[in-house]
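# Coordinates in review
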Amino acid sequence: MKARLLNRIETNPNIMFGKPVIRGSRLPVEIILEKLAYGETEDEILKEYPFLKKEDIKAALLFAAKTISLEEVMQT
């Protein structure tokens with residue numbers, strides 16, 4: 001399941017300067033995450049971007065979680 005979700009995300013230096021995007025689109029993962037953070041619902045996002053599927057939103061969340069898990073936390 002995880003691998004299938006992550007396959008919905010792609011990075012390509014020729015698309016959005018290599019930022020992670022929803023596969024087959026130019027919609028960056030960060031846009032989906034920001035919309036969720038500001039309180040938009042899945043349904044609102046899907047209405048705004050009709051080409052998206054619910055799995056794309058889940059993939060964006062999983063991608064963010066996996067990316068953060070690889071980061072080294074620096075304590076000040």
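For the structure given in this document, a descriptive report is provided here.

Criteria and cut-off values
- Residues numbered from 1 in each chain as written.
- Predicted model: local features only at pLDDT ≥ 70, side-chain atom pairs only at ≥ 80, totals over all residues.
- Heavy atoms only, no water.
- Phe/Tyr/Trp six-rings, centres within 6.5 Å; stacked < 30°, edge-to-face > 60°.
- Buried < 20%, exposed > 50% of the residue type's maximum accessible area, 1.4 Å probe, protein only.
- Axes fitted to C-alpha atoms, helices over the stretch in contact; angles between N-to-C directions.
- Helix = DSSP H or I, 4+ residues; strand = E, 2+ residues; numbered from the N terminus.
- Parallel < 35°, antiparallel > 145°, perpendicular 65-115°, else oblique.
- Contact = heavy atoms within 4.5 Å.
- Nonpolar A, V, L, I, M, F, W, Y, C, P; charged D, E, K, R; others polar.

Moving on to the packing of aromatic side chains. Counted according to the given criterion, the structure contains one aromatic pair. Measuring from ring centre to ring centre gives 6.1 Å for Tyr49 and Phe51, while their planes differ by 75°; the resulting arrangement is edge-to-face. Its relative accessible area of 17% is what places Tyr49 among the buried residues.

Remark: helix 2 (residues 29-37) packs on helix 4 (residues 54-69), axes separated minimally by 9 Å, with the N-to-C direction vectors making an angle of 95°. As far as their axial angle goes, helix 4 and helix 2 are roughly perpendicular. Contacts between helix 2 and helix 4 involve Val29, Ile32, Leu33 and Leu36 from the first element and Ile57, Ala60, Leu61, Phe63 and Ala64 from the second. Tallied by class, residues from the contact of helix 2 with helix 4 come to nine nonpolar, no polar and no charged.

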